[in-house]
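Coordinate analysis (summary)
Here is what each chain is made of, one letter per residue.
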Amino acid sequence: MIDYTRLSTYDYDLPAELIAQTPLDKRDESRLLCFNMDTKEISDEHFFDIKKRLKKGDVLVLNNTRVIPCRLFGVKEGTGAKVEIFLLKRLNLTDFEVLARPGKRLKKGARVKFSDELACEILGDNEETHGKRVRFIFDGVFEEILDKIGLMPLPPYIKEKLEDKERYQTVYSKFKGSSAAPTAGLHFTRELLEELKNMGVIITYVLLHVGLGTFRPVSEENILNHDMHSEYYEVSHESADIINKALNEKRRVICVGTTSLRTLESAGKSGRVKAGTGNTKLFCYPPYNFKIVDGLITNFHLPKSTLIMLVCAFAGFNNTMKVYKHAVENKYRFFSFGDSSFFYRPSVNKKLEFDKSKKGH
């Protein structure tokens, strides 16, 4: 029997050359692996073929967060030591939760200078993130300064320099606040979204500011001991009404990305979505029972990550491993700038059965 609580359960072999280092020139020309969760059929397509898999009345849910250039390099005042500050979460107009390197040398009261316009003071430690709380001191508009001197927070497995910052943003990004991109949405073009609308696909948006906790490696072999970091989300009344109407009428709700899916599940009450704001630490792994979503468009995720655990919970463990094996054998591109997958049911309300003796969050 598969032990869904063991970290090693979610491991797989991935050749390093399949980790995408740069985005394709055209977003929607990435490959798309489609998996029908009813028939178990795999289809190799391109992302622009998503039009063939969606239909009139489907609700497509996208996360319209926007990544901020949240990597800052400066020097510690008084010593000149080099410091890296990585913004995680905004607390108010001046204060942030951050990761700091080297953190041990930055005690409360220490100041870091980034430019003539920007500095910060260390307010104290943050036990949840193992980082710091800082207060920024700036001359001008903080966001404009950040855009000028901050660097995009590319994952550590990407070694190539990103020439165009907008390629790490979705074309529909709107609200600044993420420390990482909701990468499933990077494949959409404005033209493709317009084509889907003209087909009768209903597009709506939710917001989840992606924190590094989503991508933080799981270090505990018993995944029940893993602590997810909190992430802020919003669901508007308009989006909640659109999604709930689809649920009432038994039309499909399809999420673009694990962040959109976690937002709907976090806002789900009694099988419906409740409008509002909140902070979520939702951790989905088999046999989590999804209440809202019928399809998931998502990239290929790191071994032993909370993201592949979520996909296993949604599509079924054996199904997910079958898809990933196929993707490796057929040389799909993996991770943030890689190719895409679409796990779907042709119709709603057909649930997968797991071993009910296991409990999921």
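Our structure is the block above this text.
Residues numbered from 1 in each chain as written. Predicted model: local features only at pLDDT ≥ 70, side-chain atom pairs only at ≥ 80, totals over all residues. Heavy atoms only, no water.

1. Points about the overall build of the chain
Summing up its helical and strand segments, the chain has seven helices and 19 strands in all. Relative to the compact-globule value of 21 Å for 361 residues, the chain shows a C-alpha radius of gyration of 21 Å, a close match. Once the C-alpha set of the chain is aligned to its principal axes, its extents read approximately 65 × 45 × 40 Å. Across the 361 residues of the chain, 57% fall into the buried class. (Helix = DSSP H or I, 4+ residues; strand = E, 2+ residues; numbered from the N terminus. Rg over C-alpha atoms; globule rule 2.2 N^0.38 Å. Buried < 20%, exposed > 50% of the residue type's maximum accessible area, 1.4 Å probe, protein only.)

2. Looking at the sheet that holds strand S10 (residues 131–138)
Within the closed barrel, the six strands sit side by side as S5-S6-S7-S10-S9-S8. Their pairing is antiparallel. For this sheet, the mean angle separating the axes of adjacent strands, direction not counted, is 45 degrees. In the packing of helix H2 (residues 142–149) onto the sheet, the strands contacted are strand S5 (71–76), strand S6 (82–90), strand S7 (95–101), strand S9 (118–126) and S10, and the crossing angle to S6 comes to about 130 degrees. (Pairing = 2+ DSSP bridges. Axes fitted to C-alpha atoms, helices over the stretch in contact; angles between N-to-C directions. Contact = heavy atoms within 4.5 Å.)

3. A word on the nonpolar core
If you look at the biggest cluster of nonpolar residues, it comprises 71 residues, and the most contacted ones within it are Tyr10, Tyr168, Ile243, Leu264, Phe314 and Phe334. Residue contributions to this core peak at eight residues, all from helix H6 (residues 306–315). Counting 23 residues, the second largest nonpolar core, distinct from the first, contains Ile85, Phe86, Val98 and Phe136. (Core = buried A, V, L, I, M, F, W, Y, C linked by side-chain atoms within 4.5 Å.)

4. Quick word on the environment of Ile158
Within the secondary structure layout, Ile158 lies in the loop between H2 and strand S11 (175–178). Sequence separation between Ile158 and Gly271 is 113 residues; the distance between their C-alpha atoms is 39 Å. Excluding its chain neighbours within four sequence positions, the residues that come into contact with Ile158 are Ala20, Gln21, Ser336 and Phe337.

5. Re the sheet that holds strand S19 (residues 340–344)
Ordered by their spatial adjacency, nine strands build an open sheet running S2-S1-S19-S18-S14-S3-S12-S13-S17, and the pairing between neighbours is mixed. This sheet does not close on itself; its edge strands, each paired only once, are strand S2 (42–46) and strand S17 (276–280). Going from strand to strand, the sheet's axes swing by 25 degrees on average, the running direction of each strand aside. Of the strands in this sheet, strand S3 (59–63), strand S12 (202–208), strand S13 (231–235) and strand S14 (253–256) are in contact with helix H4 (residues 237–248), which crosses S12 at around 125 degrees. Across the sheet, H6 is in contact with strand S18 (295–299) and S19; its angle to S18 comes to roughly 155 degrees.

6. Side note on helix H3 (residues 190–199)
Of all the residues in H3, the buried ones are Leu192, Leu193 and Leu196. For H3, the arc enclosing every buried residue in end-on projection is 100 degrees, short of the 170-degree limit, so these residues lie on one face. Away from its buried face by more than 90 degrees, H3 exposes Arg190, Glu191 and Asn198. Tucked inside the fold, the buried residues of H3 contact helix H1 (50–53), S3 and S12. Two residues or fewer after H3 comes Gly200, characterised by a positive phi angle close to 100 degrees. (Arc of directions from axis to C-beta.)

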